[in-house]
Amino acid sequence: MWMGVGDYSGSPKPIRIVVVGEKGSGKSSLIMAAARNTFHPNIPSLLPYTNLPSEFFPDRIPATVIDTSSRPEDKGKVLKEVKQADAIVLTFAFDRPETLDRLSKHWLPLFRQLEVRVPIIVAGYEVDSKEAYNQTSIEQITSPMMQRYREVETSIQWSAQRLNQATKVLYYAQKAVIHPVGPVFNQETNSLKPRCIAALKRIFLLSDHNVDGILSDAELNELQKCFDTPLVPCEINQMKKAMQVKFPQGVNERGLTLDGFLFLNTRYIEDARIQTLWTMLRKFGYNNDLRLGDDLIPYSSFKREADQSVELTNVAIEFLREVYEFFDNDCDNNLEPHETGYIFETAPESPWTEAPYKDVTEETKDGGLSLEAFLSLWSLMTLIDPARSLEYLMYIRFPYDPSSAIRVTRKRVLDRKEKKSERKVVQCFVFGPKNAGKSAFLNHFIGRSYDDDSNNNNGSTDERYAVNMVKESGVVANTDKTLVLKEIRIQEDGFMLSNKALAACDVAIFIYDSSDESSWNRAIDLLAEVATIGKDAGYVFPCLMVAAKTDLDPFPMAIQESTRVTQDIGIDAPIPISSKLGDFGNLFRKILTAAEHPHLNIPAIESKKKRSCKLINRSLMAVSIGTAALIAGLASFRLYTARKLS
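Residues numbered from 1 in each chain as written. Predicted model: local features only at pLDDT ≥ 70, side-chain atom pairs only at ≥ 80, totals over all residues. Heavy atoms only, no water.

Examining the overall build of the protein
Moving on, step 1. Helices and strands together make up the secondary structure of the protein, namely 23 helices and 18 strands.
Moving on, step 2. A separation of at least 24 residues holds for 72% of the contacts in the protein among residues at least 6 apart in sequence.
Moving on, step 3. A total accessible area of about 30500 Å² is found for the protein, and carbon and sulfur atoms account for 51% of it. (Helix = DSSP H or I, 4+ residues; strand = E, 2+ residues; numbered from the N terminus. Contact = heavy atoms within 4.5 Å. Areas by Shrake-Rupley, 256 points an atom, 1.4 Å probe, with all protein chains shown as cover.)

Following this line, the structure appears as structure tokens:
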């Protein structure tokens, strides 16, 4: 069907082909024979880099061929070249069986150990075709090795009498880079790999302009533009007739079905026309990993300062709402797991099966997603990895310019000056000492039991996310906001967030166990530390104290002391909650309100330099006042040493 092959649209840099093997296995001879089309019996033991121009290869891509030394003392140089290779040619000599043995006993295991994942071509050098050892074909000799090492793409014989085969070795090496078999085809099952199927499904659906599930003759011709060669009617009819014989369900009276499209591309690989498949994949922007290339992602559209964030636009949200409704077949506001799978059938994989997206939002009883949860996951992905979000929007066929799907919010420093924030996605950092109730708090936010430890990161200190939509009314509206809770895991030996990490915080809450005075003291220390780091870096944000576990008896003077201290530093009194009782006092709405008024609830904390001077002065003053007064004021001293005096 597809009649032509377009140019490779990847990197313009020459492809690096590294030739490796034992001494006397024909490494330098192979390079010289291919480059000059002549055989030289006396050549240097190590050739300099050989640059072959684009005109040398059918695909018009230049290559640099690198000879390697066989001396043991040069092993380090050889390994360095191998690690930088795009393709490797492994050589052996037919008249020296030990050079063949070394391929599977040394070189191939070494490449795996080094995690070198590039295509490998095996080149067998024939010294004299009249000898008996050449009667066995190279396919027979190398077949067991290729079965064990799937990274070996093919094996080729060459000799002084067949110089064109030397050129063919390098061509196959380059071809394996430009049109690799590994990413698209499983040679054990003779079938397309899942990522290739996903890419081809997306191409099929993008080409199916009238959305009837069939590629008509006109749509086939439009797709043929990938190859810069139009199809004539007789060629299309010939393809259809062949399809009816070999795969009847692949075609009908209206055109080519999706199954037929997949079958056709499978046949190209089996018929050694894999370049046809890759030409089409390249035209639609796919790289060797069968992901959309970075050049398709408009990175400039989300270039931002550290205190700016990225959100979905109304255009993107409306598109995602339509996607959700289309795949929610029974319209019950419950996108079941298999329905979510259908959405990402045209993506390399679902973006939400691993951290930090796995188990971060509210699920239905059968593991499904409501519209709110679905949109929340997209908002989270856009917030923490906008490039990934745009990539997956393109996989699910966002019909507009990708840059129209996102927007960059205003700097928080400007929000403070305006005394309001219009961010639709609010990120709240959740701090607190161990066993304060942070995880129970996040669990409640996404509809889980307070003692559910399924997402405790197995004791890891990695941050945990929870995301949900906080609705103004009973339905999802454009005025509703998405709240992202990020639990900051504190290590026992202390922590230090980077300035850039703190800049992403819209609101910080500090949770403590209201029945444990030491928990309260640690939470206050954390607030002072976090607020100071933020202030010194130029990033300040509202802070709230949260008194957890109010179902337990509070420690003595807990309410009075916590109220007084928070008043002293200019933030609201602690908000009481009980995860066990499900009593959260409208805390989630209060967090959003704090974010909407970024000039309020800013702790009056001094910078580190000023605090150090005052700490020394206060220590001297405390000694002069006396022990009794010092003990009486110990709780407030904890904050006073950090706060700004009026």
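Structural notes on the sheet that holds strand S17 (residues 543–548)
Moving on, step 1. If you trace the 6 strands from one edge of the open sheet to the other, you get S14-S15-S13-S16-S17-S18, paired in mixed fashion. Each having just a single partner strand, strand S14 (464–470) and strand S18 (575–576) make up the two edges of the open sheet.
Moving on, step 2. Inspection of the sheet shows strand S16 (residues 507–513) paired to S17 by 6 bridges, in the parallel sense. Along S17, the bridge assignment pairs Tyr-512 with Ala-547.
Moving on, step 3. Across the sheet, helix H18 (residues 517–537) lies against strand S13 (425–431), S16 and S17, angled at about 160° from S16, the strand it touches most. (Pairing = 2+ DSSP bridges. Axes fitted to C-alpha atoms, helices over the stretch in contact; angles between N-to-C directions.)

Observations concerning unusual backbone geometry
Moving on, step 1. The linkage connecting Ala-355 with the following residue, Pro-356, adopts the cis geometry, with an omega of 5°.
Moving on, step 2. Structurally, the position occupied by Pro-356 is in the loop between helix H12 (337–343) and helix H13 (371–384).
Moving on, step 3. The phi angle at Arg-60 is positive, at roughly 60°, despite the residue not being glycine.
Moving on, step 4. Along the polypeptide, Arg-60 turns up in the loop between strand S2 (50–52) and strand S3 (63–66).

Description of the pattern of salt bridges
Pairs can form between side chains of opposite charge whenever their charged atoms are close.
Moving on, step 1. Counted according to the given criterion, the structure contains 27 salt bridges.
Moving on, step 2. A salt bridge links Lys-481 to Glu-596; its shortest N-O distance comes to 3.2 Å. Here Lys-481 is found in strand S15 (residues 481–487), whereas its partner Glu-596 is found in helix H20 (residues 587–596), with 115 residues between them in sequence.
Moving on, step 3. Judged by relative accessible area, which is 14%, Lys-481 ranks as buried.
Moving on, step 4. Shared partners join several salt bridges into a network, and the residues in it are Arg-410, Arg-412, Asp-415, Arg-423 and Asp-506. (Salt bridge = Lys/Arg side-chain N within 4 Å of Asp/Glu carboxyl O. Buried < 20%, exposed > 50% of the residue type's maximum accessible area, 1.4 Å probe, protein only.)

Description of H13
Moving on, step 1. For H13, spanning 14 residues, the distance from its first C-alpha to its last is 20 Å, which sits close to the expected 20 Å at 1.5 Å a residue.
Moving on, step 2. Along H13, 13 of the 14 residues are buried, which leaves the element largely enclosed by surrounding structure. (Expected span 1.5 Å × (residues − 1).)

Digging into the nonpolar core
What tends to happen in soluble globular proteins is that the nonpolar side chains get buried as a cluster.
Moving on, step 1. Among the nonpolar cores identified, the biggest contains 77 residues, and Val-184, Trp-378 and Leu-393 are the most heavily contacted of them.
Moving on, step 2. Looking at this core, the element that brings in the most residues is H13, giving 9 residues.
Moving on, step 3. What Val-184 contacts, discounting residues up to four positions off in sequence, is Ser-191, Leu-192, Lys-193, Cys-196, Ile-269, Ile-274, Leu-277, Trp-278, Leu-281 and Leu-290.
Moving on, step 4. In this structure, Met-32, Ile-61, Ile-121 and Ile-178 belong to the second largest nonpolar core, which totals 28 residues. (Core = buried A, V, L, I, M, F, W, Y, C linked by side-chain atoms within 4.5 Å.)

A closer look at the pairing of S16
Moving on, step 1. Taken across its 7 residues, S16 has 7 buried, putting it largely inside the fold.
Moving on, step 2. The two faces of S16 match: Val-507, Ile-509, Ile-511 and Asp-513 on one face and Ala-508, Phe-510 and Tyr-512 on the other face are all buried.
Moving on, step 3. Alignment of S13 against S16, held across 4 bridges, turns out to be parallel. The residue of S16 that forms the bridge with Val-430 is Ile-509.
Moving on, step 4. Handedness of the crossover is the feature at issue here: the chain leaves S16, passes through H18, returns alongside S17, and the resulting connection is right-handed. (Right-handed = clockwise from strand over helix to strand, strands pointing away.)

A few points about helix H11 (residues 314–327)
Moving on, step 1. Spanning 14 residues, H11 covers 20 Å between terminal C-alpha atoms, matching the ideal 20 Å at 1.5 Å per step.
Moving on, step 2. By the burial criterion, the buried members of H11 are Ala-316, Ile-317, Phe-319, Leu-320, Arg-321, Val-323, Tyr-324 and Phe-327.
Moving on, step 3. Looking at the buried positions of H11, the neighbouring elements they touch are strand S11 (310–312), H12, H13 and helix H14 (386–395).

Describing the packing of helix H8 (residues 233–246) against helix H9 (residues 258–270)
Moving on, step 1. H9 packs onto H8 with a crossing angle of 95° between their chain directions and a minimal axis gap of 12 Å. Put simply, H8 runs roughly perpendicular to H9. On H9, the residues touching Met-239, Met-243 and Lys-246 of H8 are Gly-260, Phe-263, Leu-264 and Arg-267.
Moving on, step 2. Class assignment for the residues of the contact of H8 with H9 results in 4 nonpolar, 1 polar and 2 charged. (Parallel < 35°, antiparallel > 145°, perpendicular 65-115°, else oblique. Nonpolar A, V, L, I, M, F, W, Y, C, P; charged D, E, K, R; others polar.)

What about the side chain of Thr-566?
Moving on, step 1. As for its placement among the helices and strands, Thr-566 is situated in helix H19 (residues 558–568).
Moving on, step 2. Among the residues examined, Thr-566 registers a relative accessible area of 1% and is labelled buried.

A look at the packing of helix H3 (residues 97–113) against helix H4 (residues 138–148)
Moving on, step 1. Remark: H3 packs on H4, axes separated minimally by 11 Å, with the N-to-C direction vectors making an angle of 20°. The orientation of H3 with respect to H4, classified from their angle, is roughly parallel. Note on packing geometry: the crossing formed by H3 with H4 is right-handed. Along its contact with H3, which presents Leu-100, Leu-103, Ser-104, Leu-108 and Arg-112, the element H4 presents Ile-141, Met-145 and Arg-148.
Moving on, step 2. The class makeup of the residues in the contact of H3 with H4 is 5 nonpolar, 1 polar and 2 charged. (Left-handed = near helix turned anticlockwise from the far one by under 90°.)

A few points about the pairing of S3
Moving on, step 1. With burial as the criterion, each face of S3 is covered, one bearing Ala-63 and Val-65 and the other bearing Thr-64 and Ile-66.
Moving on, step 2. By the bridge criterion, 4 bridges tie strand S1 (residues 15–21) to S3 in an arrangement that is parallel. Each residue of the ladder has a partner; that of Ile-17, found in S3, is Val-65.
Moving on, step 3. Bridge count between S2 and S3: 3 bridges; the pairing is antiparallel. Each bridged residue has a counterpart across the sheet, and for Asn-51 the counterpart in S3 is Thr-64.

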